[in-house]
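Geometric and topological summary
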Amino acid sequence: MSGAADPAPPVPGAPAGRLKKRRDFLRVASRGKRAARPGLVLQAAPGDPCLLRVGFTVTKKVGNAVVRNRARRRLKEAARLTLPGTGAIGWDLVLIGRDGTGARDFATLIADLRGALRQAGVTP
RNA sequence: UCAGACGGCCGGGCGGCCGCUGGCCCGCGAGCGAUCGCGGGCUGGAGGAAAGUCCGGGCUCCACGGGACUACGGUGCCGGUCAACGACCGGCGGGGGCGACCCCAGGGAAAGUGCCACAGAGAACAGACCGCCCGGACGGCUUCGGCCCGCCGGGCAAGGGUGAAACGGUGGGGUAAGGGCCCACCGCGCUUCCGGCAACGGCGGCGGCACGGCAAACCCCACCGGGAGCAAGGCCGAAUAGGGGUGGACGGCGAGGCGCCGAAAGGCGUUGUCGCAGGGGCGGUCCCGCCCUUCCGCCCGGGUUGGCCGCGCGAAGCCCGCAGCGAUGCGGGUUCCAGAGGAAUGGCCGUCCGUGCCCGGCAACGGGUGCGACAGAACCCGGCUUACAGGCCGUCUGGCGCC
């Protein structure tokens, strides 16, 4: 699979992927650990040991389509900037948007994510 | 300059770093293959409403037998535009505004049924509370002319009052008082003629008033209308239930075929080939018509998970010209302009713009800080409706000021 001299995985961290199937979301929700912060809710469950996969959920309770899109994009950006540096692997994560996700200061949102990852045991 | 009417347009700009996603090119890799993955370069990437899903189409699949009846839904002045429309344009009629202009679900109430609350005397072939007028007898007052109050009989519907609406309106004549009782004008109905493609309008004549309103109450009339929707639909494609072929088994009635027995009539056996009956389907009902309809073994082709297509060159956008009051049409030039699929267009920063607040300053201004509407393509078009910070342009109306 991964050749010796290939340009290969640049960071030793994680070949990341996206959760896209409804059954994956249900599995993480029912078996995973939860960690809530003002800007987001994290659900984490063990997954493929070679992958770190992330899914995003923003319900209609949060707002209309524009508000939901903005919340999900900010969560995606926070995950992109945070996860590769942690070295975490072998987890399926679900990030859930809340009312505060869209308006929260971005640096604070990232701090929320780091705190939630520690609480759920994904990172030490 | 103030107030207002109508039409059109914009809806943050520029730049940097890190990302996402479509296309093209190059290189590499995976797979039998359809295809997919990785790296690099170039390049594209939300709206005027993308929204609500209220109409009309394109596209796709299904039903696409014949006849009759019934039901259901929609539209509703006239002419035009359009692929089509319930949309749009131009008119007509009615209503509102000093005006520019705005609003109207605008066929039929002499086909029938029904409703018209409350108030009010009376609400549909109505009615007399207050009131007006005439006559009568009794009582009271009297300046002896009469007057007033109550009562009885009769006439009237003008005035008051109620109501959304009171059985035409205003004025005059007439009358005891009144009344289309009579007259003029207005309204209403019918109508000759004229103008207009038409809705309708105008001049005149006749009618003495009859025919209240509501059809977004039922209804009547005219016209229109198959159903479902991109989760449509198509292609590639494991395991298990259903389809086609084939072999075997069973059968409610009849016919036919085949075999055997018999001279023959006929009998016995066998057979899913045909018909009938029974059951079911073809938007609702009926008639005719059509189609389907048992079980087990073997072989072959096809649906769900998944992948790909459908999926953007179009009733397309922009700029001119011509025709038309206009909707729009015709002609020429030019551009290629999002295509996701747990769903790309994001995060952070600088600067400018608009605006609120604070500080300094007489002021111009400077510094700091906050805010920037409604809202996110999901097959695609044409409309309608609804939401929207702030701003720009044009035409017009009324008032005030100036020349």
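Above this text is the structure in question.
Structure report, in brief. (Residues numbered from 1 in each chain as written. Chains lettered and ligands numbered in written order. Predicted model: local features only at pLDDT ≥ 70, side-chain atom pairs only at ≥ 80, totals over all residues. Heavy atoms only, no water.)

**Re the overall build of chain A**
For chain A, the count of helices and strands is three helices and five strands. Of the regular secondary structure in chain A, the N- to C-terminal order runs β-α-β-β-β-α-β-α. For chain A, contacts bridging at least 24 residues in sequence account for 81% of all contacts bridging at least 6. Carbon and sulfur atoms make up 54% of the accessible area of chain A, which totals about 7,400 Å². (Helix = DSSP H or I, 4+ residues; strand = E, 2+ residues; numbered from the N terminus. Contact = heavy atoms within 4.5 Å. Areas by Shrake-Rupley, 256 points an atom, 1.4 Å probe, with all protein chains shown as cover.)

**Topic: the pairing of strand S5 (residues 91-97)**
Across the seven residues of S5, seven count as buried, placing the element largely inside the fold. Residues of S5 alternate between two faces, with Trp91, Leu93, Leu95 and Gly97 on one and Asp92, Val94 and Ile96 on the opposite face, all of them buried. Pairing of strand S3 (residues 40-46) with S5 involves seven bridges; the strand directions are antiparallel. Looking at S5, one finds that Pro46 is bridged to Trp91. Of the pairings in the sheet, the one linking strand S4 (residues 52-57) to S5 comprises six bridges and is parallel in character. By the bridge assignment for S5, Val54 is matched with Leu93. Note that the unit made of S4, helix H2 (residues 65-82) and S5 has a crossover that is left-handed. (Buried < 20%, exposed > 50% of the residue type's maximum accessible area, 1.4 Å probe, protein only. Pairing = 2+ DSSP bridges. Right-handed = clockwise from strand over helix to strand, strands pointing away.)

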